[in-house]
Amino acid sequence: MRPGKLCGVVVVVALAATACGGSGEDSGAGTDKEARGSGFPVRIADCKGATTFASAPRKIVTSNAAALEMLLRLGAGDRVIGTGFPPGKGSLPGALGEQARKVPVLGKFVIPKEKLLGSGADLYIDTFASMNIMGGAGDAPTEEEFTAAGIKHLYLASTACAPMTKKPQRDLSGVEGDIKRLGAVTGTARRADALVAGMRAKTAKVHEAVGDIAPGKRPTYFFFDYDAGTKQPVAVCRRQVANAVITQAGARNVFDGCDADFKPVSWEDVVAKNPDWIQLGIRNRGDAAADAKAYDEAAAFLKNFPATKGLTAVRNGKFLRIGSARTTIAGVGNADAVEEIAHTIHPGRFKAAR
């Protein structure tokens, strides 16, 4: 457990088991009490331990666009002094995108260790289970080094913690819990509650329409990460946020049995699954025309590649053009992806609901 001086009334925001696994319960267990006020100190638990905050952090560094977007939506973006893996141009709408572009980029990918420790931050929000697995940026700082630099270190449950657990993500409770925990840390709990309520309103309507479909009757679904390369596909597995998005939308991830977050597979594996639907996952190119071109290229590859041109989804043109970010990166956009996927693959269910 990380050290932290406890004084006064401490509000404990616990990392419930569902935060990394998703069992249909509220992953932000303990945050509802906190949401009624914004007092400090606040003690936040994640999969690596617990950290106590005597006051809201003033200088925050985020490891990638997921944590950055959450803070921007919480109204705490003015406290972010740097980020790694910055959001691509056009990936965040309107004012959020403008704010994101003003955040200094400390690393186009993983932030180098020396730059992170010398950033002057008082909080680092970590989206990764280990910076070592991201490659090319040196070793991750140790907890002792974070402490010596005066930086508190928090992990996002829905991304960094998920690969460490044995539970699949089949709902958005992990993402919701992360938003609530960051709301507690930054003193923006009411805004966090509002964001989570908005997500739940969307997913509740979807669940009402498709929730009664038995797992075995749901259409099968493959997330094709076109930008990860076509030589060897990369599957989103049961511990990845995308698995929750797909499941909540009333579909069956063909690689739900893969006990990881991401895993390289073979085209033979994809052919054996023969999905009913394929999502053409691309990263935002910055404008609609460039995005459309990338989607067209992804579809053309599947139609022309000998191994995939005979797949049921390819022959029937069952493609979804939904960007990678809203599906694989934790955030409020996950609920939008749930809506879009569900309306696409189950249109009759929503017509009947009107």
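> Help me out: how do you make sense of the pairing of strand S7 (residues 123-126) in this one?
Successive side chains on a regular strand alternate, one facing one side of the sheet and the next facing the other. Judged by which residues are buried, S7 turns out to be covered on both faces: Leu-123 and Ile-125 on one side and Tyr-124 and Asp-126 on the other are all buried. Note: strand S4 (residues 60-62) against S7, 3 bridges, orientation parallel. When the bridges of S7 are listed, Thr-62 appears paired with Ile-125. Looking at chain direction, S7 and strand S8 (residues 152-155) are connected through 4 bridges and run parallel. Each residue of the ladder has a partner; that of Tyr-124, found in S8, is His-153.

> Would you mind going over the pattern of salt bridges with me for this structure?
Side-chain pairing between opposite charges can occur once the charged atoms of the two side chains come close. One pass over the structure, following the stated rule, counts 14 salt bridges. For the salt bridge of Asp-212 with Arg-349, the shortest nitrogen-to-oxygen distance reads 2.5 Å. Of the two residues, Asp-212 is situated in the loop between helix H9 (189-210) and strand S9 (220-225) and Arg-349 in helix H16 (residues 347-353); the sequence distance between them amounts to 137 residues. Arg-326 is the partner of Glu-340 in a salt bridge, and the nearest nitrogen-oxygen pair spans 2.9 Å. In this pair, Glu-340 is assigned in helix H15 (residues 333-345) and Arg-326 in helix H14 (residues 324-328), connecting sequence segments 14 residues apart. On the basis of relative accessibility, which here comes to 29%, the residue Arg-326 falls in the partly exposed class. Ionic contacts of the salt-bridge type, sharing partners, join the residues Asp-225, Asp-227, Arg-283 and Arg-285 into one network.

> Before we go on, may I ask you to explain the nonpolar core in this structure?
One finds Ile-125, Ile-179 and Ile-341 to be the most contacted residues of the largest nonpolar core, which totals 57 residues. When near neighbours in sequence (up to four residues on either side) are disregarded, Ile-341 contacts Tyr-221, Val-245, Ala-249, Gln-279, Leu-320 and Ile-322. Among the nonpolar cores identified, the runner-up in size contains 25 residues, and Tyr-226, Ala-260, Trp-267 and Val-270 belong to it.

> I would appreciate a short explanation of the sheet that holds strand S11 (residues 252-253) in the present structure.
Two orientations exist for strands paired in a sheet by backbone hydrogen bonds: parallel and antiparallel. Taken in spatial order, the 4 strands make up an open sheet running S11-S9-S13-S14, and their pairing is parallel. Both edges of this open sheet fall to S11 and strand S14 (319-320), since each of them pairs with a single strand only. Relative to S11, S9 runs parallel, the two sharing 2 bridges. In the sheet register, Thr-220 faces S11, and the bridge partner there is Arg-252.

> What's the story with the packing of aromatic side chains in this structure? I'm lost.
The full count for this structure, using the stated rule, is 11 aromatic pairs. Ring geometry for Phe-222 and Phe-224: centres 6.3 Å apart, planes at 20°, overall stacked. A single burial state applies to Phe-222 and to Phe-224, both of which are buried. An angle of 70° between the planes, with centres 5.9 Å apart, marks the rings of Phe-224 and Tyr-226 as edge-to-face. Comparing Phe-224 with Tyr-226, the two get one shared label, buried.

> Explain the state of the cysteines to me, please; I cannot follow it from the model alone.
A covalent bond between the sulfur atoms of two cysteines is what we call a disulfide. Tallying each qualifying case throughout the model produces 2 disulfides. One disulfide in the model links Cys-47 with Cys-161; its S-S distance is 2.0 Å. What sets the handedness of the Cys-47 and Cys-161 disulfide is the S-S torsion sign, and at about -75° it is left-handed. On the criterion of sequence distance, the pair formed by Cys-47 in the loop between strand S2 (42-46) and strand S3 (49-53) and Cys-161 in helix H7 (residues 157-161) is long-range, its members being 114 residues apart.

> How should unusual backbone geometry be read in this particular structure?
Leaving glycine out, the prevailing phi sign among residues is negative, and the prevailing peptide bond configuration is trans. A positive phi angle, near 40°, is found at Phe-85, a position not held by glycine. Checked against the element boundaries, Phe-85 lands in the loop between strand S5 (80-84) and helix H4 (94-102). The exposure class assigned to Phe-85 is partly exposed, which follows from its relative accessible area of 24%. The phi torsion at Asn-274 lies on the positive side, around 45°, for a residue other than glycine. The class of Asn-274 is partly exposed, set by a relative accessible area of 32%.

> Just checking my understanding: could you explain the sheet that holds S4 for this structure?
In spatial order, the strands read S6-S5-S4-S7-S8; together these 5 strands make up an open sheet with parallel pairing. Whereas interior strands pair on both sides, the edge strands pair on one side only; in this sheet they are strand S6 (105-107) and S8. When the angles between neighbouring strand axes are averaged without regard to direction, this sheet yields 25°.

Definitions and limits used
Residues numbered from 1 in each chain as written. Predicted model: local features only at pLDDT ≥ 70, side-chain atom pairs only at ≥ 80, totals over all residues. Heavy atoms only, no water. Buried < 20%, exposed > 50% of the residue type's maximum accessible area, 1.4 Å probe, protein only. Helix = DSSP H or I, 4+ residues; strand = E, 2+ residues; numbered from the N terminus. Pairing = 2+ DSSP bridges. Salt bridge = Lys/Arg side-chain N within 4 Å of Asp/Glu carboxyl O. Core = buried A, V, L, I, M, F, W, Y, C linked by side-chain atoms within 4.5 Å. Contact = heavy atoms within 4.5 Å. Phe/Tyr/Trp six-rings, centres within 6.5 Å; stacked < 30°, edge-to-face > 60°. Disulfide = S-S within 2.5 Å. Axes fitted to C-alpha atoms, helices over the stretch in contact; angles between N-to-C directions.

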